[in-house]
Amino acid sequence: MDIKITDLKKTYQNRTVFENLNLTVKKSEKIAIMGESGCGKTTLLKIISGLEKADGGRIEGLPEKISFVFQEDRLFEKFTALSNAKFAAGKNIGDETAREHLIEVGLTDSTLQTAENLSGGMKRRVSIVRAVLAKAELLLLDEPFKGLDEENRENVSNYILKNTADTTVILVTHDRDEAELLSADIIKWEDLI
Amino acid sequence: MARNKLLKFGAVLLALLFWQLLAVIIGNSIVIVGPLDVTKQLIKDIVTPVFWGSILFSFLRIFAGFSVAVILGIVLASLSYAYKPMRTLLWPYIAIIKSTPVASSVILMLIIFSSKNLSAFVTFLIVLPVIYSNVLQGLTSTDEKLIEVAKVFGAGFIKRIKFIYLPQLEPYILSATSASIGMAWKAGTAAEVIGIPKGSIGERLYEAKIYLMTSEVFAWTAVIILASVLFEKIFIWALKFFYKRLWRS
(Lines give C-alpha, C1' and ligand atoms only; values in the text may rest on other atoms or scores of the structure.)
Protein backbone atom coordinates (compact mmCIF):
# COMPACT_ATOMS: atom_id res chain seq x y z
CA MET A 1 0.00 0.00 0.00
CA ASP A 2 1.22 3.51 -0.81
CA ILE A 3 1.99 5.94 1.99
CA LYS A 4 0.13 9.20 1.56
CA ILE A 5 0.95 12.26 3.67
CA THR A 6 -1.53 15.12 3.33
CA ASP A 7 -1.30 18.68 4.67
CA LEU A 8 0.97 17.68 7.53
CA LYS A 9 1.70 20.38 10.07
CA LYS A 10 4.11 20.52 13.01
CA THR A 11 4.74 23.36 15.45
CA TYR A 12 7.21 23.64 18.33
CA GLN A 13 6.48 26.20 21.03
CA ASN A 14 4.39 28.39 18.73
CA ARG A 15 6.99 28.10 15.94
CA THR A 16 5.84 26.38 12.79
CA VAL A 17 8.37 23.77 11.71
CA PHE A 18 6.38 22.94 8.56
CA GLU A 19 2.82 23.03 7.30
CA ASN A 20 0.91 21.82 4.24
CA LEU A 21 3.49 19.10 3.73
CA ASN A 22 2.37 16.60 1.09
CA LEU A 23 4.13 13.42 0.01
CA THR A 24 3.20 10.12 -1.58
CA VAL A 25 5.55 7.14 -1.46
CA LYS A 26 4.69 4.07 -3.48
CA LYS A 27 5.13 0.58 -2.04
CA SER A 28 8.78 -0.60 -2.22
CA GLU A 29 9.83 2.79 -3.55
CA LYS A 30 13.05 4.39 -2.32
CA ILE A 31 13.00 8.13 -1.95
CA ALA A 32 15.50 10.62 -0.59
CA ILE A 33 14.28 13.89 0.86
CA MET A 34 17.01 16.50 0.66
CA GLY A 35 17.05 19.67 2.67
CA GLU A 36 19.15 21.97 4.78
CA SER A 37 19.93 21.04 8.39
CA GLY A 38 17.16 22.08 10.77
CA CYS A 39 14.42 22.29 8.15
CA GLY A 40 12.34 19.57 9.81
CA LYS A 41 13.43 16.37 8.03
CA THR A 42 14.10 14.46 11.24
CA THR A 43 10.81 15.68 12.71
CA LEU A 44 9.00 14.34 9.65
CA LEU A 45 10.57 10.89 10.13
CA LYS A 46 9.68 10.96 13.82
CA ILE A 47 6.05 11.72 12.96
CA ILE A 48 5.97 8.92 10.38
CA SER A 49 7.45 6.50 12.92
CA GLY A 50 4.92 7.52 15.56
CA LEU A 51 7.49 9.01 17.94
CA GLU A 52 5.97 12.47 17.57
CA LYS A 53 2.47 13.69 16.89
CA ALA A 54 1.60 16.04 14.06
CA ASP A 55 -0.42 19.15 14.80
CA GLY A 56 -2.42 18.80 11.62
CA GLY A 57 -2.89 16.78 8.47
CA ARG A 58 -2.95 13.00 8.09
CA ILE A 59 -0.83 10.03 7.12
CA GLU A 60 -2.46 7.07 5.40
CA GLY A 61 -1.14 3.67 4.47
CA LEU A 62 1.52 3.35 7.15
CA PRO A 63 2.55 -0.27 7.65
CA GLU A 64 2.43 -1.84 11.10
CA LYS A 65 6.14 -2.53 11.26
CA ILE A 66 8.51 0.40 10.80
CA SER A 67 12.28 0.42 11.13
CA PHE A 68 14.50 3.41 11.76
CA VAL A 69 18.19 4.30 11.45
CA PHE A 70 18.40 7.35 13.67
CA GLN A 71 20.79 10.23 13.14
CA GLU A 72 22.65 9.04 16.26
CA ASP A 73 23.63 5.37 16.63
CA ARG A 74 21.48 4.80 19.73
CA LEU A 75 23.02 1.44 20.55
CA PHE A 76 22.81 -0.37 23.87
CA GLU A 77 26.37 0.36 24.88
CA LYS A 78 26.96 -2.50 27.32
CA PHE A 79 25.71 -5.18 24.94
CA THR A 80 27.62 -6.81 22.12
CA ALA A 81 27.33 -5.81 18.47
CA LEU A 82 25.50 -9.10 17.90
CA SER A 83 22.93 -8.46 20.67
CA ASN A 84 22.37 -4.95 19.34
CA ALA A 85 21.94 -6.21 15.78
CA LYS A 86 19.38 -8.78 16.94
CA PHE A 87 17.45 -6.32 19.09
CA ALA A 88 14.62 -5.75 16.63
CA ALA A 89 14.90 -9.03 14.76
CA GLY A 90 12.19 -11.64 14.85
CA LYS A 91 12.60 -15.01 16.56
CA ASN A 92 13.40 -16.64 13.19
CA ILE A 93 16.67 -14.70 13.01
CA GLY A 94 19.29 -16.49 15.07
CA ASP A 95 22.84 -15.60 16.07
CA GLU A 96 24.28 -17.08 12.90
CA THR A 97 22.14 -14.98 10.55
CA ALA A 98 22.81 -11.82 12.55
CA ARG A 99 26.53 -12.59 12.49
CA GLU A 100 26.43 -13.03 8.72
CA HIS A 101 24.80 -9.61 8.35
CA LEU A 102 27.44 -7.99 10.56
CA ILE A 103 30.18 -9.67 8.53
CA GLU A 104 28.55 -8.38 5.37
CA VAL A 105 29.05 -4.78 6.56
CA GLY A 106 32.66 -5.49 7.50
CA LEU A 107 32.34 -6.25 11.22
CA THR A 108 33.87 -9.72 11.02
CA ASP A 109 36.00 -9.49 14.16
CA SER A 110 33.73 -7.26 16.20
CA THR A 111 30.50 -9.21 16.57
CA LEU A 112 31.17 -10.06 20.21
CA GLN A 113 32.62 -6.69 21.14
CA THR A 114 30.44 -4.46 23.30
CA ALA A 115 29.04 -1.39 21.57
CA GLU A 116 30.91 0.94 23.92
CA ASN A 117 34.17 -0.47 22.55
CA LEU A 118 33.30 0.02 18.88
CA SER A 119 34.47 2.96 16.81
CA GLY A 120 31.97 5.52 15.50
CA GLY A 121 31.88 3.94 12.05
CA MET A 122 31.40 0.46 13.48
CA LYS A 123 28.52 1.63 15.67
CA ARG A 124 26.88 3.19 12.63
CA ARG A 125 27.06 -0.10 10.76
CA VAL A 126 25.59 -2.03 13.71
CA SER A 127 22.67 0.40 13.89
CA ILE A 128 22.06 -0.12 10.16
CA VAL A 129 22.14 -3.91 10.53
CA ARG A 130 19.72 -3.62 13.49
CA ALA A 131 17.28 -1.66 11.32
CA VAL A 132 17.60 -4.03 8.36
CA LEU A 133 17.17 -7.16 10.51
CA ALA A 134 13.90 -5.76 11.83
CA LYS A 135 12.49 -6.78 8.41
CA ALA A 136 9.99 -3.94 8.45
CA GLU A 137 7.86 -2.87 5.51
CA LEU A 138 9.04 0.72 5.87
CA LEU A 139 12.63 1.72 6.58
CA LEU A 140 13.37 5.27 7.68
CA LEU A 141 16.94 6.47 7.28
CA ASP A 142 18.15 9.68 8.89
CA GLU A 143 21.57 10.52 7.43
CA PRO A 144 22.52 6.83 7.64
CA PHE A 145 26.06 7.08 6.28
CA LYS A 146 27.21 9.84 8.61
CA GLY A 147 30.70 9.02 9.89
CA LEU A 148 31.41 6.28 7.34
CA ASP A 149 34.38 6.45 5.00
CA GLU A 150 34.04 6.18 1.23
CA GLU A 151 34.57 2.41 1.08
CA ASN A 152 32.17 1.63 3.92
CA ARG A 153 29.52 3.96 2.50
CA GLU A 154 29.49 2.00 -0.71
CA ASN A 155 29.60 -1.37 1.03
CA VAL A 156 26.79 -0.45 3.44
CA SER A 157 24.60 1.07 0.71
CA ASN A 158 24.93 -2.16 -1.30
CA TYR A 159 24.02 -4.10 1.84
CA ILE A 160 20.89 -1.99 2.36
CA LEU A 161 19.84 -2.28 -1.28
CA LYS A 162 20.35 -6.04 -1.28
CA ASN A 163 18.26 -6.57 1.84
CA THR A 164 15.45 -4.09 1.24
CA ALA A 165 14.25 -4.98 -2.23
CA ASP A 166 10.60 -5.14 -1.11
CA THR A 167 10.89 -2.46 1.50
CA THR A 168 9.74 1.12 1.18
CA VAL A 169 12.65 3.38 2.09
CA ILE A 170 12.49 7.03 3.07
CA LEU A 171 15.92 8.62 3.45
CA VAL A 172 16.46 12.17 4.69
CA THR A 173 19.78 13.88 4.16
CA HIS A 174 21.48 17.09 3.19
CA ASP A 175 24.15 15.12 1.31
CA ARG A 176 23.37 14.34 -2.33
CA ASP A 177 25.95 11.50 -2.36
CA GLU A 178 23.98 9.62 0.29
CA ALA A 179 20.86 9.77 -1.86
CA GLU A 180 22.71 8.67 -4.97
CA LEU A 181 24.33 5.73 -3.21
CA LEU A 182 20.89 4.27 -2.54
CA SER A 183 19.72 5.06 -6.10
CA ALA A 184 16.77 6.81 -4.49
CA ASP A 185 14.43 9.26 -6.18
CA ILE A 186 15.53 12.63 -4.89
CA ILE A 187 12.87 15.02 -3.65
CA LYS A 188 13.77 18.51 -2.49
CA TRP A 189 12.33 19.56 0.86
CA GLU A 190 10.99 22.78 -0.68
CA ASP A 191 8.91 20.72 -3.13
CA LEU A 192 7.05 19.03 -0.27
CA ILE A 193 5.65 22.22 1.15
CA MET B 1 47.96 0.01 41.79
CA ALA B 2 50.22 -2.28 43.86
CA ARG B 3 51.92 0.81 45.32
CA ASN B 4 48.57 2.28 46.22
CA LYS B 5 47.55 -0.92 48.02
CA LEU B 6 50.87 -0.99 49.86
CA LEU B 7 50.35 2.62 50.96
CA LYS B 8 46.85 1.81 52.22
CA PHE B 9 48.17 -1.22 54.10
CA GLY B 10 50.88 0.99 55.62
CA ALA B 11 48.23 3.51 56.71
CA VAL B 12 46.23 0.73 58.43
CA LEU B 13 49.36 -0.50 60.25
CA LEU B 14 50.11 3.05 61.35
CA ALA B 15 46.56 3.51 62.64
CA LEU B 16 46.79 0.23 64.61
CA LEU B 17 50.11 1.30 66.05
CA PHE B 18 48.66 4.67 67.05
CA TRP B 19 45.67 2.93 68.67
CA GLN B 20 47.95 0.57 70.65
CA LEU B 21 50.11 3.50 71.72
CA LEU B 22 47.05 5.43 72.90
CA ALA B 23 45.87 2.41 74.93
CA VAL B 24 49.30 2.09 76.55
CA ILE B 25 49.50 5.82 77.36
CA ILE B 26 45.97 5.97 78.85
CA GLY B 27 46.61 2.68 80.64
CA ASN B 28 42.98 2.17 81.65
CA SER B 29 41.33 -0.90 80.12
CA ILE B 30 37.85 0.38 80.99
CA VAL B 31 38.30 3.50 78.86
CA ILE B 32 40.23 2.01 75.97
CA VAL B 33 41.83 -1.31 75.02
CA GLY B 34 44.46 -1.75 72.34
CA PRO B 35 44.23 -3.91 69.20
CA LEU B 36 46.25 -6.67 70.87
CA ASP B 37 43.71 -7.04 73.70
CA VAL B 38 40.86 -6.90 71.19
CA THR B 39 42.46 -9.70 69.16
CA LYS B 40 42.95 -11.76 72.33
CA GLN B 41 39.27 -11.21 73.25
CA LEU B 42 38.18 -12.21 69.74
CA ILE B 43 40.25 -15.40 69.84
CA LYS B 44 38.61 -16.22 73.19
CA ASP B 45 35.07 -15.52 71.86
CA ILE B 46 35.43 -17.13 68.46
CA VAL B 47 35.44 -20.69 69.83
CA THR B 48 32.16 -20.26 71.72
CA PRO B 49 28.83 -21.21 70.13
CA VAL B 50 27.27 -18.04 71.59
CA PHE B 51 29.57 -15.95 69.40
CA TRP B 52 28.46 -17.57 66.16
CA GLY B 53 24.85 -17.80 67.33
CA SER B 54 24.76 -14.05 67.97
CA ILE B 55 26.25 -13.28 64.58
CA LEU B 56 23.77 -15.60 62.85
CA PHE B 57 20.83 -14.13 64.78
CA SER B 58 21.69 -10.54 63.82
CA PHE B 59 22.79 -11.39 60.30
CA LEU B 60 19.55 -13.19 59.41
CA ARG B 61 17.42 -10.27 60.57
CA ILE B 62 19.57 -7.55 59.02
CA PHE B 63 19.73 -9.54 55.77
CA ALA B 64 15.95 -10.04 55.76
CA GLY B 65 15.28 -6.35 56.40
CA PHE B 66 17.82 -5.34 53.78
CA SER B 67 16.48 -7.75 51.13
CA VAL B 68 12.85 -6.72 51.59
CA ALA B 69 13.88 -3.04 51.46
CA VAL B 70 15.87 -3.56 48.24
CA ILE B 71 13.03 -5.44 46.52
CA LEU B 72 10.29 -3.08 47.72
CA GLY B 73 12.48 -0.02 47.01
CA ILE B 74 12.96 -1.11 43.41
CA VAL B 75 9.27 -1.97 42.96
CA LEU B 76 8.06 1.33 44.45
CA ALA B 77 10.61 3.38 42.50
CA SER B 78 9.54 1.63 39.27
CA LEU B 79 5.88 2.38 40.01
CA SER B 80 6.74 5.99 40.80
CA TYR B 81 8.63 6.25 37.52
CA ALA B 82 5.80 4.73 35.51
CA TYR B 83 2.98 6.67 37.23
CA LYS B 84 3.81 10.21 38.34
CA PRO B 85 0.87 10.45 40.82
CA MET B 86 2.39 7.47 42.64
CA ARG B 87 5.58 9.50 43.19
CA THR B 88 3.57 12.30 44.80
CA LEU B 89 1.52 9.82 46.79
CA LEU B 90 4.62 8.09 48.19
CA TRP B 91 6.53 11.29 48.86
CA PRO B 92 5.32 11.93 52.46
CA TYR B 93 5.94 8.31 53.52
CA ILE B 94 9.47 8.28 52.13
CA ALA B 95 10.21 11.70 53.64
CA ILE B 96 8.95 10.59 57.07
CA ILE B 97 10.87 7.28 56.97
CA LYS B 98 14.00 9.12 55.84
CA SER B 99 13.95 11.71 58.62
CA THR B 100 12.65 9.69 61.58
CA PRO B 101 15.47 9.05 64.09
CA VAL B 102 16.41 5.39 64.58
CA ALA B 103 15.70 5.66 68.32
CA SER B 104 12.09 6.78 67.68
CA SER B 105 11.53 3.94 65.17
CA VAL B 106 12.93 1.46 67.68
CA ILE B 107 10.68 2.64 70.51
CA LEU B 108 7.62 2.59 68.24
CA MET B 109 8.48 -0.90 67.03
CA LEU B 110 8.98 -2.07 70.61
CA ILE B 111 5.50 -0.80 71.50
CA ILE B 112 3.89 -2.53 68.51
CA PHE B 113 6.02 -5.67 68.08
CA SER B 114 8.39 -7.80 70.14
CA SER B 115 12.10 -7.02 70.19
CA LYS B 116 13.00 -10.31 68.47
CA ASN B 117 12.75 -9.01 64.90
CA LEU B 118 13.45 -5.39 65.71
CA SER B 119 16.70 -5.15 63.74
CA ALA B 120 14.93 -6.42 60.60
CA PHE B 121 12.32 -3.64 60.83
CA VAL B 122 14.86 -0.94 61.56
CA THR B 123 17.17 -2.11 58.77
CA PHE B 124 14.20 -2.08 56.41
CA LEU B 125 13.31 1.49 57.39
CA ILE B 126 16.89 2.69 56.99
CA VAL B 127 17.54 1.01 53.62
CA LEU B 128 14.19 1.55 51.88
CA PRO B 129 14.45 5.33 51.25
CA VAL B 130 18.06 5.02 50.04
CA ILE B 131 17.18 2.35 47.48
CA TYR B 132 13.93 4.07 46.47
CA SER B 133 15.57 7.49 45.92
CA ASN B 134 18.57 6.10 44.02
CA VAL B 135 16.57 3.79 41.78
CA LEU B 136 14.03 6.52 41.03
CA GLN B 137 16.84 8.94 40.19
CA GLY B 138 18.38 6.31 37.90
CA LEU B 139 15.09 5.63 36.16
CA THR B 140 14.23 9.29 35.64
CA SER B 141 17.60 9.91 34.01
CA THR B 142 17.09 7.10 31.47
CA ASP B 143 18.13 8.14 27.97
CA GLU B 144 14.92 9.09 26.15
CA LYS B 145 16.57 8.27 22.84
CA LEU B 146 16.90 4.61 23.82
CA ILE B 147 13.26 4.55 24.88
CA GLU B 148 12.42 5.85 21.39
CA VAL B 149 14.42 2.97 19.88
CA ALA B 150 12.38 0.50 21.93
CA LYS B 151 9.13 2.22 20.87
CA VAL B 152 9.96 2.24 17.16
CA PHE B 153 10.98 -1.40 17.12
CA GLY B 154 8.06 -2.42 19.31
CA ALA B 155 10.24 -3.91 22.04
CA GLY B 156 8.26 -5.64 24.78
CA PHE B 157 8.45 -5.20 28.54
CA ILE B 158 11.18 -7.80 29.17
CA LYS B 159 13.36 -6.48 26.34
CA ARG B 160 13.05 -2.91 27.62
CA ILE B 161 14.00 -4.02 31.14
CA LYS B 162 16.99 -6.00 29.85
CA PHE B 163 18.39 -3.54 27.32
CA ILE B 164 17.44 -0.17 28.79
CA TYR B 165 16.54 -0.15 32.47
CA LEU B 166 18.86 -2.77 34.00
CA PRO B 167 21.99 -1.24 32.40
CA GLN B 168 20.78 2.24 33.34
CA LEU B 169 20.29 1.23 36.96
CA GLU B 170 23.63 -0.54 37.42
CA PRO B 171 25.63 2.37 38.92
CA TYR B 172 22.65 3.56 40.98
CA ILE B 173 21.94 0.12 42.49
CA LEU B 174 25.64 -0.48 43.13
CA SER B 175 26.15 2.81 44.97
CA ALA B 176 22.83 2.58 46.84
CA THR B 177 23.40 -0.96 48.10
CA SER B 178 27.04 -0.28 48.88
CA ALA B 179 26.08 2.74 51.00
CA SER B 180 23.08 1.14 52.66
CA ILE B 181 24.75 -2.11 53.75
CA GLY B 182 26.99 -0.21 56.17
CA MET B 183 24.00 1.79 57.39
CA ALA B 184 21.97 -1.41 57.78
CA TRP B 185 24.51 -2.99 60.13
CA LYS B 186 24.99 0.20 62.12
CA ALA B 187 21.26 0.82 62.56
CA GLY B 188 20.38 -2.86 62.98
CA THR B 189 22.82 -3.44 65.83
CA ALA B 190 22.01 -0.05 67.39
CA ALA B 191 18.36 -1.12 67.47
CA GLU B 192 19.36 -4.40 69.12
CA VAL B 193 21.27 -2.52 71.82
CA ILE B 194 18.08 -0.60 72.64
CA GLY B 195 15.65 -3.51 72.29
CA ILE B 196 18.05 -6.19 73.62
CA PRO B 197 16.59 -9.16 71.71
CA LYS B 198 17.87 -12.39 73.25
CA GLY B 199 20.83 -13.95 71.43
CA SER B 200 21.71 -10.92 69.27
CA ILE B 201 24.94 -8.98 68.79
CA GLY B 202 23.13 -6.04 70.39
CA GLU B 203 22.56 -8.06 73.55
CA ARG B 204 26.28 -8.97 73.68
CA LEU B 205 27.19 -5.29 73.31
CA TYR B 206 24.68 -4.26 75.97
CA GLU B 207 26.01 -6.82 78.44
CA ALA B 208 29.59 -5.75 77.72
CA LYS B 209 28.59 -2.16 78.51
CA ILE B 210 26.76 -3.13 81.74
CA TYR B 211 29.75 -5.12 83.05
CA LEU B 212 32.28 -2.55 81.77
CA MET B 213 33.97 -5.16 79.56
CA THR B 214 35.50 -2.68 77.15
CA SER B 215 37.51 -5.33 75.31
CA GLU B 216 34.18 -7.13 74.56
CA VAL B 217 32.69 -3.87 73.23
CA PHE B 218 35.70 -3.38 70.97
CA ALA B 219 35.67 -7.03 69.87
CA TRP B 220 31.98 -6.94 68.94
CA THR B 221 32.47 -3.63 67.18
CA ALA B 222 35.22 -5.25 65.12
CA VAL B 223 32.88 -8.16 64.37
CA ILE B 224 30.14 -5.76 63.18
CA ILE B 225 32.59 -3.91 60.94
CA LEU B 226 33.95 -7.17 59.50
CA ALA B 227 30.47 -8.62 58.94
CA SER B 228 29.34 -5.41 57.26
CA VAL B 229 32.37 -5.26 54.96
CA LEU B 230 32.09 -8.97 54.11
CA PHE B 231 28.36 -8.69 53.41
CA GLU B 232 28.98 -5.66 51.21
CA LYS B 233 31.78 -7.38 49.27
CA ILE B 234 29.68 -10.52 48.67
CA PHE B 235 26.59 -8.55 47.66
CA ILE B 236 28.49 -6.25 45.29
CA TRP B 237 30.32 -9.26 43.81
CA ALA B 238 26.96 -11.01 43.21
CA LEU B 239 25.51 -7.88 41.60
CA LYS B 240 28.52 -7.46 39.32
CA PHE B 241 28.37 -11.16 38.42
CA PHE B 242 24.71 -10.77 37.48
CA TYR B 243 25.53 -7.79 35.26
CA LYS B 244 28.47 -9.56 33.63
CA ARG B 245 26.12 -12.41 32.70
CA LEU B 246 23.57 -9.91 31.41
CA TRP B 247 26.05 -8.21 29.06
CA ARG B 248 27.01 -11.59 27.62
CA SER B 249 23.42 -12.74 27.10
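From a predicted model like this one, the values you see are computed outputs, not experimental measurements. Here the residue numbers are simple positions, counted from 1 along each chain's written sequence. Ligands are numbered from 1 and chains lettered from A, in the order in which they are written. Side-chain atom pairs in this predicted model are given and counted only at pLDDT of 80 or more, local residue features only at pLDDT of at least 70, and totals for whole chains, interfaces and linings cover all residues. The side-chain numbers reported here are obtained from all heavy atoms of the structure, hydrogens and water having been left aside.

Undergrad: Could you give an account of the overall build of chain B, with specific residues and numbers?
TA: Looking only at helices and strands, chain B has 10 helices and 0 strands in total. Walking chain B from its N terminus toward its C terminus, one meets helices and strands in the order α-α-α-α-α-α-α-α-α-α. Seen through its principal axes, chain B has C-alpha atoms that stretch 75 × 55 × 30 Å. Relative accessible area decides the class of each residue, using a 1.4 Å probe on protein chains only: under 20% of the type maximum gives buried, over 50% gives exposed, and in between gives partly exposed. Residue burial in chain B is summarised as follows: out of 249 residues, 41% are buried. The contact criterion used is simple: two residues touch if any of their non-hydrogen atoms lie within 4.5 Å. Taking the intrachain contacts of chain B between residues at least 6 apart in sequence as the baseline, contacts between residues at least 24 apart amount to 73%. Per-residue and other accessible areas follow the Shrake-Rupley method at a 1.4 Å probe size, with only the shown protein chains counted as cover for residues. A total of about 14,300 Å² of accessible surface is found on chain B, and carbon and sulfur atoms cover 73% of it. Side chains of chain B carry 24 positive and 11 negative charges; the gap between the two charge centres is 7 Å. The numbering of helices and of strands both runs from the N terminus, where a helix is a DSSP run of H or I of at least 4 residues and a strand a run of E of at least 2. This count recognises Lys and Arg as positive and Asp and Glu as negative, with His and chain-terminal groups excluded. Charge placement uses NZ in Lys and CZ in Arg. For Asp and Glu, CG and CD serve respectively.

Undergrad: Help me get a handle on the environment of Ile31(A), residues and values and all.
TA: Along the polypeptide, Ile31(A) turns up in strand E3 (residues 30-34). It is 5.9 Å that separates the C-alpha atoms of Ile31(A) and Ile186(A), two residues lying 155 residues apart in sequence.

Undergrad: Outline the interface of chain A and chain B, supporting the account with residue identities and numerical values.
TA: Taken together, the contact between chain A and chain B spans 22 residues of the former and 18 residues of the latter. When a carboxyl oxygen of Asp or Glu lies within 4 Å of a side-chain nitrogen of Lys or Arg, that pair is called a salt bridge. At the boundary of chain A with chain B, the tally comes to 3 salt bridges. The partner of Glu148(B) in a salt bridge is Arg74(A), with the nearest N and O atoms 2.6 Å apart. In protein, a polar contact requires one atom able to donate a hydrogen and another able to accept it; more generally it is a pair of N or O atoms within 3.5 Å, and residues adjacent in sequence count only if both atoms are side-chain atoms. Our count for the chain A to chain B interface comes out at 3 residue pairs in polar contact (both at pLDDT 80 or more). Breaking the side of chain A that touches chain B down by element, the ones donating at least two residues are helix H1 (41-49), strand E5 (66-69), helix H2 (81-86) and helix H4 (120-133) of chain A. Each residue is assigned to one of three groups, with Ala, Val, Leu, Ile, Met, Phe, Trp, Tyr, Cys and Pro labelled nonpolar, Asp, Glu, Lys and Arg labelled charged, and all others, Gly among them, labelled polar. Looking at side-chain class alone, the side of chain A that touches chain B contains 12 nonpolar, 4 polar and 6 charged residues.

Undergrad: Tell me about the domain arrangement of chain A, and please be specific about residues and values.
TA: All names here are of chain A. Taken domain by domain, chain A holds domain 1 (1-65 + 138-156 + 167-193) and domain 2 (75-135). Each of domain 1 and domain 2 has a C-alpha centre, and the two are 24 Å apart. With 11 residues of domain 1 at the interface, the matching set in domain 2 holds 11 residues. In total, about 780 Å² of surface goes out of reach between domain 1 and domain 2, with carbon and sulfur atoms giving 56% of it. Applying the counting rule to domain 1 against domain 2 returns 4 residue pairs in polar contact (both at pLDDT 80 or more). Elements with a minimum of two residues in the side of domain 1 that touches domain 2: strand E6 (138-142) and helix H5 (150-163). The element contributing the most residues to the side of domain 1 that touches domain 2 is H5, with 3 residues. Among the residues forming the side of domain 1 that touches domain 2, the class breakdown is 4 nonpolar, 3 polar and 4 charged. Annotation comment: domain bounds sourced from an automatic or database domain assignment. Once two parts are joined, some of their accessible surface, as seen by a 1.4 Å probe, is lost; buried area is that loss totalled over both.

Undergrad: Residue-level account of the packing of helix H9 (residues 201-210) of chain B against helix H10 (residues 214-248) of chain B, with values.
TA: A pair of packed helices is characterised by two quantities: the angle between their axes and the separation of those axes. Residue and element names in this part refer to chain B. The axes used here are C-alpha line fits, helices contributing only the stretch in contact, and every angle between their N-to-C directions lies in the interval 0 to 180 degrees. Where H9 contacts H10, the axes come no closer than 8 Å and their chain directions differ by 155°. It follows that H9 is roughly antiparallel to H10 by the angle criterion. In this structure, the crossing between H9 and H10 has a hand that is left-handed. Of the residues in H10, those in contact with Ile201, Arg204, Leu205, Ala208 and Lys209 of H9 are Glu216, Val217, Trp220, Thr221 and Ile224. Angular relationships are summarised with four words: roughly parallel below 35 degrees, roughly antiparallel beyond 145, roughly perpendicular across 65 to 115, and oblique for the angles in between. The sense of a crossing depends on the near helix, which, turned anticlockwise from the far helix by less than a right angle, makes the crossing left-handed and, turned clockwise, makes it right-handed.

Undergrad: Any chance you could break down helix H1 (residues 2-26) of chain B for me, citing the residues and the numbers?
TA: Each full turn of the α-helix corresponds to 3.6 residues, which orients residues three or four apart in the same direction. Residue and element names in this part refer to chain B. Taking 1.5 Å per residue, 25 residues should reach 36 Å; H1 reaches 36 Å between its end C-alpha atoms and fits that length. Within H1, only 1 of the 25 residues are buried, leaving the element largely exposed. Positive backbone phi, at 60°, marks Gly27, one or two positions downstream of H1. How far a helix is expected to stretch is found by multiplying one less than its residue total by 1.5 Å.

Undergrad: Can you explain H5(A)? Please cite residues and give values.
TA: Relative to the 20 Å expected for 14 residues at 1.5 Å per residue, H5(A) spans 20 Å between its end C-alpha atoms, a close match to the ideal helical length. Tucked inside the fold, the buried residues of H5(A) contact helix H3 (95-104), H4, E6 and helix H6 (176-181) of chain A.

Undergrad: Describe the pairing of E5(A), listing the residues and the values that go with them.
TA: All names here are of chain A. Residue alternation in E5 divides its side chains into two sets, Ile66 and Phe68 and Ser67 and Val69, and both sets are buried. When E5 meets E6, the two strands line up parallel, connected through 4 bridges. Each bridged residue has a counterpart across the sheet, and for Phe68 the counterpart in E6 is Leu140. Here, a strand pair is defined by DSSP locating no fewer than two bridges between the strands.

Undergrad: Go over a nonpolar patch on the surface, please, and point to the residues and values.
TA: All names here are of chain B. Each patch groups residues whose relative accessible area exceeds 30% and which form no salt bridge, using 9 Å between like charges and 5 Å between nonpolar side chains of Val, Leu, Ile, Met, Phe, Trp and Tyr. A surface patch of nonpolar side chains, amounting to about 570 Å² of accessible area, comprises Phe18, Leu22, Ile26, Ile30, Val31 and Leu212. The residue Leu212 is located in the loop between H9 and H10 in this model. Classification of Leu212 by relative accessible area gives exposed; the value is 53%.

Undergrad: Quick rundown of the packing of helix H8 (residues 157-195) of chain B against H9(B)? Include the residues and the values.
TA: Residue and element names in this part refer to chain B. Running from N to C, H8 and H9 cross one another at 60°; their axes reach a closest spacing of 7 Å. Comparing their axes, H9 and H8 come out oblique. The crossing of H8 and H9 is right-handed. Side by side, H8 and H9 meet where Trp185, Thr189, Glu192 and Val193 of the first sit next to Ile201, Gly202, Glu203, Leu205 and Tyr206 of the second.

Undergrad: Break down the pattern of salt bridges for me, with residues and values.
TA: Residue and element names in this part refer to chain A. Per the stated rule, a full pass over the model turns up 16 salt bridges over all chains. Across the pair Arg153 and Asp175 runs a salt bridge whose closest N-O atoms are separated by 3.2 Å. With Arg153 in helix H5 and Asp175 in the loop between strand E7 (168-173) and H6, this residue pair connects regions lying 22 residues apart in the sequence. Arg153 gets classed as buried once you look at its relative accessible area, which sits at 14%. For the salt bridge of Glu180 with Arg176, the shortest nitrogen-to-oxygen distance reads 3.9 Å.

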